[in-house]
Amino acid sequence: MTYITKPKLHHPSLVKNKAGYTRRDYEGAVSTLCAGCGHDSISAAIIQACYELDILPHQVAKLSGIGCSSKAPTYFVGASHGFNTVHGRMPSVMTGANLANRDLIYMGVSGDGDSASIGLGQFAHIMRRGVNMTYIVMNNGVYGLTKGQFSATADKGSISKKGVANSDESIDLVSLAILMGASFVGRSFSGDKHQLVPLIKAAMAHGGAAFLDVISPCVAFNNHAGSTKSYEYVREHNEALNRLDFIEGREEITTQYDPGTVTTVQQHDGSLLRLRKLGEDYDPSDKIAAMKRVQEGQAAGEVVTGLLYVDPTPRDLHHHLNTVAQPLNTLGTADLCPGPAALDRINASLR
Amino acid sequence: MPQALAAVNDFVVKFANVNGSGSASANELFARSILRMGVPVSPRNIFPSNIQGLPTWYEVRVTERGWLGRRGGVDLMVAMNPQTWAQDVKEIEPGGYLFYDSTKPMPASMFRDDINIIGVPLTAITNATYTDARQRQLFKNIIYVGALSVLLNIDDNEIKRLFGEQFKGKEKLLDSNVKALNLGRDWVKQHIDPDSVKLEVRKSDNVGDRIFVEGNNAAALGAVYGGATVCAWYPITPSSSLAEAFQAHCKRLRHDKETGKARYAIVQAEDELASIGMVIGAAWNGARAFTSTSGPGISLMTEFIGLASFAEVPAVIVNVQRGGPSTGMPTRTQQSDLLSCAYASNGDTKHVLLFPEDPKECFDFTADALDLADRLQTPVFVMTDLDIGMNHRLCAPFQWDESRQLDRGKVMTAEELEAGRNFGRYLDVDGDGIPFRTYPGTHPTKGSYFTRGTTKDEYARYSEEGPVYVRNMERLQKKFDTARRIAPQPLRYPSPKPTRYGVIYFGSTSPAMAEALDHLEEGGNHVNALRVRAFPFAQSVEDFIHEHDKVFVVEQNRDGQLRSMIMNEFTLDARKLVPVLHYDGTPITARFIAADIAKKLGQLKVVPFEKAAS
């Protein structure tokens, strides 16, 4: 029932951010997903992140594919343009959109069926091109809209609601994204807002291909005993490597940390990522180590979460293509059409 | 002695070569030198799906009258490929000429009695002069051009001028090419009776200001002039050179002089699904975008084409058609993707197609397609083919009106939204079926909407209600009717005498058709012609059919796809439409068209109009 609009009246006491918007200004239509769906928590985290980042809502472009997760863009940042593309092909549409206007903030939302099954090819290629975006997979290991079939991220041995064990290997999108050249890769859990919101903020501030794999249990079809994507399983097996505090460059740093417990990464836009260590030593700028740690966790049945890999000085597709600073969609006839005199010269060269 | 074909400025020379031997540039040099003498030529590459080793041919029609279609038959065969010798010798017209490398003696059984044999020891001449293997291979080609220039009376100064242009600033290369040319010329002058070949090129003035260019190159230039900023593509024969030409044109024409930055973005996508996806994403976001592909690519793009059509996002797709179905004949030409493009995707979908006849129209229609796609907010196909796309064709020079502006269609601006103008993304405000759109990021609070492939109401809100759905589908039909009016209109070529017979054709059939009409006319068969230039068809196409008893529909496919579309679009007696079909992968010829139509007119027991009237 996405046509049901929320009341626009806001309580006067709602706090406005630096851009002059309240948190509610970043909301979208009423969700039509099941009550308790992890995806709604992720939408809420996106809303919170956009609000805290003081983003102008209309400067966001939201793109998705097909599936439960791909409906989510309707439920956040309603003042921005959205594009529900076709199944598994959101990455190419987002790549083209990004080429047309480099100034907007691109948020891609997809699911495990959309990105790991039908869309695995496009998922890999958008990462290797370095499109400046935040790509979130709401990962529940199951097809919800078609009622409970396994997706390609379902773990081998995980039991379906109908009691069938998955016999195929699962595809780990985090490992794949790192391997394919994404310059910001994290994993989180829809039930852990404190971990998720700073990760989304950091990803949005990142100037290259940022990928977040967010385990998001499906309450209707994949939240039972035997499933490795249930709330209970993920809570029990969540192995968080770090806690992230996202600090925008202009903010005064007020949080105090004990010496030796924090790693600081400065991103290209000036924002600071402060990573609080949780137990082990982990350096998220070491790509090889990141892949090793994720694979080790996988083998041990852990859900390794946190900021897993970041290249603080990423290069994006526009850099590779050497495009002008002005968005291509604002160029007019004078910028683009060489005119009749140039054409006469071309004609002369063809005789 | 066999008879000897004699002709001035009207014959066909065919070069039989091995792919990858460097013959292509020598053969093109041959064709261009004749062009520089003011005599029109029409060359065609006949090549395999292969990089090195397989046979390849280059056919040059020398045609004073400017008949640029493929003629059929060969008057002079330059047989440089032992692999295809038998087939090549067989193809020569009686009284024609066989030019070959006579270094090694050949048994008489390898020749024919009714043709004239010209042997030049090309390998011997080459090997006596050059030691390097690659030089030997390349210069042998130039040596045969030199030999032919004497035999056919081609002005060697024109060839040298062409060398001068090609190797400007590379004097060493220039000198060595001139030397090779003269090696061939001198040998022939010393050893062969100049009168032994009665085919002659004579200076003329029939080329005028026409240009000599490949359709793919022209379409790419049209994309530059039409303001395309995003090109996403995937390599596929015969369209790859289009995207590559776009890159080359942009390099020269689209870099900011101060910063050196590019005013364009070209992405070689991972497949055709991604390339059309990128085009749609870019166009949704307000950039002009296009892709180029061929039949199999269209098959892959079909789902996205449906999305762009139903969500009303502009997209330009240049389809350089090749032989189908499936992988088909990758290096042969056909017009066999009409149906797969016109009705691409599931559900009730119809798309706009443009049919250029030559490189000039490839340029015009690609630029126009970018305007049309924006105006109509829908995919527009430019339906060219291998014959136009990958062959140099003589055509009218490109023209551009200084005052022409990119027509972005109905885009609502932030100012209009701010002033309170009503915005419904799918609201037909002008009665032409075309709604207004906004680009993402236009206004802080107004004008945002959700783009989707599902059904929606006038304000882009998701809806599966029957009446809402039907209203939208009816509006799309209305928009299609608008396309009928604003797309390029058909052109009529009336017969000098009144007739009850008509012919409809399109695209690359054009030069062969023009010549066939001359032949038919000479044979007393009067036929009015109409060239279709776009789908949806203008009303005048139906009018033309109604004006005639029988209408031949000439196409380069098996199933008569244009004929099917005409029957589908109009209410008429299908028996009126007589298919004339050529689809073996070679370009259609005037000989075929004229013979087939004459035969069918005979079967209709035609009484010439003059007799019937008297």
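The structure reproduced in this document is the subject of the present report. (Residues numbered from 1 in each chain as written. Chains lettered and ligands numbered in written order. Predicted model: local features only at pLDDT ≥ 70, side-chain atom pairs only at ≥ 80, totals over all residues.)

## Concerning the overall build of chain A
Assigned secondary structure in chain A consists of 12 helices and 13 strands. Seen through its C-alpha atoms, chain A measures out along the principal axes to roughly 75 × 50 × 50 Å. Long-range pairs, those at least 24 residues apart, make up 72% of the contacts in chain A between residues at least 6 apart in sequence. (Helix = DSSP H or I, 4+ residues; strand = E, 2+ residues; numbered from the N terminus. Contact = placed C-beta atoms within 7 Å.)

## Let's talk about the environment of B:Asp364
Residues and elements named next belong to chain B. Assignment of secondary structure puts aspartate 364 in helix 12 (residues 359-376). Among the residues examined, aspartate 364 registers 24 C-beta atoms within 10 Å and is labelled buried. Separated by 139 residues in the primary sequence, aspartate 364 and tyrosine 225 have C-alpha atoms spaced 9.2 Å apart. (Buried ≥ 20, exposed ≤ 12 C-beta atoms within 10 Å, placed from the backbone.)

## Section: the sheet that holds strand 6 (residues 92-101) of chain B
Residues and elements named next belong to chain B. Strand order in the open sheet formed by 6 strands is 3-4-2-5-6-7, and the pairing between neighbours is mixed. If you trace the sheet from one side to the other, it starts and ends with strand 3 (41-46) and strand 7 (116-120), each paired once. For this sheet, the mean angle separating the axes of adjacent strands, direction not counted, is 15°. Sheet topology places strand 2 (residues 10-18) next to strand 5 (residues 74-79); 4 bridges connect them, and they run parallel. What sits directly across from valine 13, in strand 5, is leucine 76. (Pairing = 2+ DSSP bridges. Axes fitted to C-alpha atoms, helices over the stretch in contact; angles between N-to-C directions.)

## Structural notes on the interface of chain A and chain B
In this assembly, 50 residues from chain A lie in contact with 56 residues from chain B. Only strand 2 (81-84), helix 3 (90-100), helix 5 (120-129), helix 11 (333-336) and helix 12 (339-349) of chain A provide two or more residues apiece to the side of chain A that touches chain B. Examining the composition of the side of chain A that touches chain B, we find that 8 residues originate from one element, helix 3 of chain A, more than from any other. Residue classes in the side of chain A that touches chain B are distributed as 24 nonpolar, 23 polar and 3 charged. (Nonpolar A, V, L, I, M, F, W, Y, C, P; charged D, E, K, R; others polar.)

## Overview of the sheet that holds strand 7 (residues 184-189) of chain A
One open sheet accounts for 9 strands, arranged 9(A)-13(A)-7(A)-8(A)-4(A)-3(A)-1(A)-2(A)-17(B); its pairing is mixed. Either end of the sheet is taken by a strand with one partner, and the two such strands are strand 9 (238-240) of chain A together with strand 17 (450-452) of chain B. Across the sheet, the mean angle from the axis of one strand to that of its neighbour is 20°, orientation sign disregarded. Packed onto the sheet, helix 6 (residues 173-180) of chain A meets strand 4 (133-139), strand 7, strand 8 (209-215) and strand 13 (303-310) of chain A and runs at close to 170° relative to strand 7 of chain A.

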